[in-house]
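Chains, contacts and geometry: an overview
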Amino acid sequence: DTGVSQNPRHKITKRGQNVTFRCDPISEHNRLYWYRQTLGQGPEFLTYFQNEAQLEKSRLLSDRFSAERPKGSFSTLEIQRTEQGDSAMYLCASSPASGYTFGSGTRLTVV
Amino acid sequence: GQQLNQSPQSMFIQEGEDVSMNCTSSSIFNTWLWYKQDPGEGPVLLIALYKAGELTSNGRLTAQFGITRKDSFLNISASIPSDVGIYFCAGPISNAGGTSYGKLTFGQGTILTVHP
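Description of the structure in this document. (Residues numbered from 1 in each chain as written. Chains lettered and ligands numbered in written order. Predicted model: local features only at pLDDT ≥ 70, side-chain atom pairs only at ≥ 80, totals over all residues. Heavy atoms only, no water.)

**A short note on the sheet that holds strand β8 (residues 71–76) of chain B**
Residue and element names in this part refer to chain B. Here we have five strands laid out as an open sheet, ordered β1-β3-β8-β7-β6, and antiparallel in their pairing. Of all the strands in the sheet, the pair left with one neighbour each is β1 (4–7) and β6 (55–58). Neighbour to neighbour, the strand axes of the sheet diverge by 15° on average, direction disregarded. (Pairing = 2+ DSSP bridges. Helix = DSSP H or I, 4+ residues; strand = E, 2+ residues; numbered from the N terminus. Axes fitted to C-alpha atoms, helices over the stretch in contact; angles between N-to-C directions.)

Rendered as structure tokens:
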């Protein structure tokens, strides 16, 4: 396990469709984070898991967004009824106690 | 709020030149992090700073944690073409209850272009 893996790398979807992204963290890392990055901006925090518990959600995470980490290992981020404003890079990061490793992200384009 | 402002927004330099960029905030941070992001990839940590006044180097990169804890600087010496990318500063932020959980706030980035 050499790093944080995210799939798919790219996703193009029509407005109104649902999409799901997957993140496989570094295996011994108990902390997992999702961030969103739009063009010309730095990443913005979305949500945080410690093992399987989702401990914090940003106000950016509207009710169309849901994230899970069912067994404390991989995580999924689902966006329902996608809107054009959801177009962004979705980054996952994992951490033991401190210090992040980011994945390469999933680039979502909503058309 | 706990927002980070980076300057300059972009830089165009010749290979071999030194580069300096900074990051400021109206809030105090106890940790400053500098990341580099290549196109289509996630950010990669370059340097972490944990103490006011600290000066830390990583190869040709040097970063400083400002004495006021409200700013940080990153310097790159003798730039090379592979230094091209976006450089972000970041720091940990807390929720209303004061808990951090390790979440970060990022600046908007400095885009570096190096001409051979």
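Still to come is the rest of the account.
**A short note on the pattern of salt bridges**
With the rule as written, the count across this model stands at seven salt bridges over all chains. In this structure, Glu41(B) and Arg9(A) form a salt bridge, with 3.7 Å as the shortest nitrogen-oxygen distance. Taken as a pair, Glu41(B) in the loop between β4 (32–37) and β5 (44–49) and Arg9(A) in the loop between β1 (5–7) and β2 (10–13) lie in two separate chains rather than in one. On the basis of relative accessibility, which here comes to 32%, the residue Glu41(B) falls in the partly exposed class. Looking at Arg9(A), the relative accessible area reads 33%, which means it is partly exposed. With a closest N to O distance of 2.8 Å, Asp86(A) and Arg64(A) form a salt bridge. With Asp86(A) in the loop between β8 (75–79) and β9 (88–95) and Arg64(A) in the loop between β6 (53–57) and β7 (65–68), the pair connects residues that are 22 residues apart, well separated along the chain. The class for Asp86(A) is buried, based on a relative accessible area of 3%. For Arg64(A), a relative accessible area of 10% corresponds to the buried category. (Salt bridge = Lys/Arg side-chain N within 4 Å of Asp/Glu carboxyl O. Buried < 20%, exposed > 50% of the residue type's maximum accessible area, 1.4 Å probe, protein only.)

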